[in-house]
Amino acid sequence: MIETQPQVKSESIFDKMSNLEHEQLVFCRDEATGLKAIVGIHNTVLGPSMGGTRMWNYASDEEAIEDVLRLSRGMTFKSALAGLNIGGGKAVIIGDARKIKSEALMRRFGKFINSLNGKYYTAEDMNITMRDIEYMSMETPYVVGKPQYMGGSGDPSPMTAYGVYMGMKAGAKKAYGSDSLEGKNILVQGAGQVGKYLVDHLTKENASVFVADIFEDKIKAITDKHGEVSVVDPNSVFQMEMDIYAPCAMGATLNDQSIPELKCDVVAGAANNQLASEEKHSAMLSDHGIIYCPDFLINSGGIANVYHEYLGNYNKDRVVASTEHIYEVCMNVLNHSEENKIGSHEAALELALQRIDQVGKVKLGV
Ligand code: NAD
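Described below are features of the structure shown in this document. (Residues numbered from 1 in each chain as written. Predicted model: local features only at pLDDT ≥ 70, side-chain atom pairs only at ≥ 80, totals over all residues. Heavy atoms only, no water.)

**Some words on the site of the ligand**
Move 1: Within the structure, the ligand sits among 22 residues, and Thr160, Gln193, Val194, Asp213 and Ala249 are positioned closest to it.
Move 2: Within the side chain of Asp213, a nitrogen or oxygen atom sits 2.7 Å from an oxygen atom of the ligand.
Move 3: Between the ligand and Asn272, the relevant distance is 2.9 Å, taken from an oxygen atom to a side-chain nitrogen or oxygen of the residue.
Move 4: Here the ligand loses 74% of its free accessible area of 830 Å² to cover by the protein chains.
Move 5: Elements with a minimum of two residues in the shell around the ligand: α6 (157–176) and α7 (193–204).
Move 6: Taken together, the residues of the shell around the ligand break down into twelve nonpolar, eight polar and two charged. (Near = heavy atom within 4 Å. Polar contact = N/O pair within 3.5 Å; in protein donor to acceptor, adjacent residues only side chain to side chain. Areas by Shrake-Rupley, 256 points an atom, 1.4 Å probe, with all protein chains shown as cover. Helix = DSSP H or I, 4+ residues; strand = E, 2+ residues; numbered from the N terminus. Nonpolar A, V, L, I, M, F, W, Y, C, P; charged D, E, K, R; others polar.)

**A few points about the environment of Ser102**
Move 1: Inspection of the secondary structure assignment puts Ser102 in the loop between α3 (97–100) and α4 (103–115).
Move 2: Taking the C-alpha atoms as reference points, Ser102 and Tyr135, separated by 33 residues in sequence, lie 9.4 Å from one another.

**Quick notes on the pairing of strand β8 (residues 208–212)**
Move 1: With four of its five residues buried, β8 lies for the most part within the structure.
Move 2: Across five bridges, strand β7 (residues 185–189) lies against β8 in parallel orientation. Following the sheet pairing, Ile186 is matched in β8 by Val209.
Move 3: This β-α-β element, β7 to α7 to β8, shows right-handed connectivity.
Move 4: Examined bridge by bridge, β8 and strand β9 (residues 230–231) share two bridges and lie parallel to one another. Considered in β9, the bridge of Phe210 is made with Ser230. (Buried < 20%, exposed > 50% of the residue type's maximum accessible area, 1.4 Å probe, protein only. Pairing = 2+ DSSP bridges. Right-handed = clockwise from strand over helix to strand, strands pointing away.)

**Focus: the packing of helix α1 (residues 13–20) against helix α2 (residues 61–81)**
Move 1: For the pair α1 and α2, interaxial distance at closest approach is 10 Å and the crossing angle is 20°. Considering the angle they form, α1 stands roughly parallel to α2. Our pair here, α1 against α2, has a crossing hand that is right-handed. Residue-level contacts link Ile13, Lys16, Met17 and Leu20 of α1 to Ile65, Glu66, Leu69, Arg70 and Arg73 of α2.
Move 2: Split by residue class, the contact of α1 with α2 holds five nonpolar, no polar and four charged. (Axes fitted to C-alpha atoms, helices over the stretch in contact; angles between N-to-C directions. Parallel < 35°, antiparallel > 145°, perpendicular 65-115°, else oblique. Left-handed = near helix turned anticlockwise from the far one by under 90°. Contact = heavy atoms within 4.5 Å.)

**A word on the packing of aromatic side chains**
Move 1: Applying the stated criterion across every chain, the model contains five aromatic pairs.
Move 2: Ring centres 6.3 Å apart and planes at 35° place the aromatic pair Tyr162 and Tyr165 in the tilted group. Of the two residues, Tyr162 and Tyr165 both sit in helix α6, three residues apart, roughly one turn of that helix.
Move 3: Among the aromatic side chains, those forming a connected cluster through ring pairs are Tyr121, Tyr142, Tyr307 and Tyr310.
Move 4: Cation over ring: Lys184 sits above Tyr176, and NZ or CZ is 4.2 Å from the ring centre. (Phe/Tyr/Trp six-rings, centres within 6.5 Å; stacked < 30°, edge-to-face > 60°. Lys NZ or Arg CZ within 6 Å of the ring centre and 35° of its normal.)

Dropping the structure here:
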């Protein structure tokens, strides 16, 4: 008898879109420049979708689709919770940036963005430079995060760091009854764009700051500026006793292995997708008595920055005030999590969905 493999029906693109509740997925292709890009528009209830373009050499088209779906959905919740009137979107360009990126490719991509008539605003993300932002802007007005010399809001990292600092203070208030970070042992993992500005805020408040990075020059830049900062081996992060852990490098550092080892009271950092598995590891942190300040909430200073550029008449004081609001929202999320005995990640998602639902009805007049 011939054995046959059971027929597993693969998920169609529409299945994937409906699983994550996407509105639109736009495929863009151009033979001459080698452009292959996908724009994910997740939700436009609160306003046009907004989120950066990432260029990555994906192993397959399927991987690129998964990434754009996941990232654009994340932007919906991030902006909704931050109180911004925009929806979630993201774009990916498939290919090795060092090999295929060109002026023509970026401008062709800009033309595709333009054809969406403002339903999606793009910005920079991995492997997209300010020069690329300029190229896209030559073909479409639907680009934000432009350099200051083009009238844009410039590098969003300082605002992202300020928001993380605000969220961290809310986490400290919940854990210790006071939001002062003075004397707290805080480990910043990743001394990059966000990490370095975060260290500025923490040292100013006389926290006891530790940094870990895989590159010597990043560490040196920080210790040259702040002689009081201590250095930790990047491989020993989870062996360290600390009060607050601030992941500001890569995602998925909160997982089955790290959480049982983690010796801290609060996690508050900039890195995207810190939880390897959203539900499981958010609950696991609660079970270990660790207060988790949701990443997508406290790293929203950067999107607030470009949102204010999109509104026009960019005013830094206004963005600072909007970013300071992260403190209050983070307190609400942590209280909602405690009262409803759910992880803080779920609590944040619930509050984001609540705002989309309530404001959406106001907009529709129902
Ligand atoms: P970055 O690339 O400038 O900095 C990341 C730093 O982490 C680098 O210095 C790198 O050497 C270090 N690093 C990498 N692997 C490490 C490891 N194993 N241990 C210790 N350090 C390691 O990036 P960034 O702009 O500072 O962003 C940091 C994180 O915050 C990213 O996850 C990013 O997606 C997220 N984020 C950034 C912004 C922003 O405005 N820049 C906004 C929202 C979210």
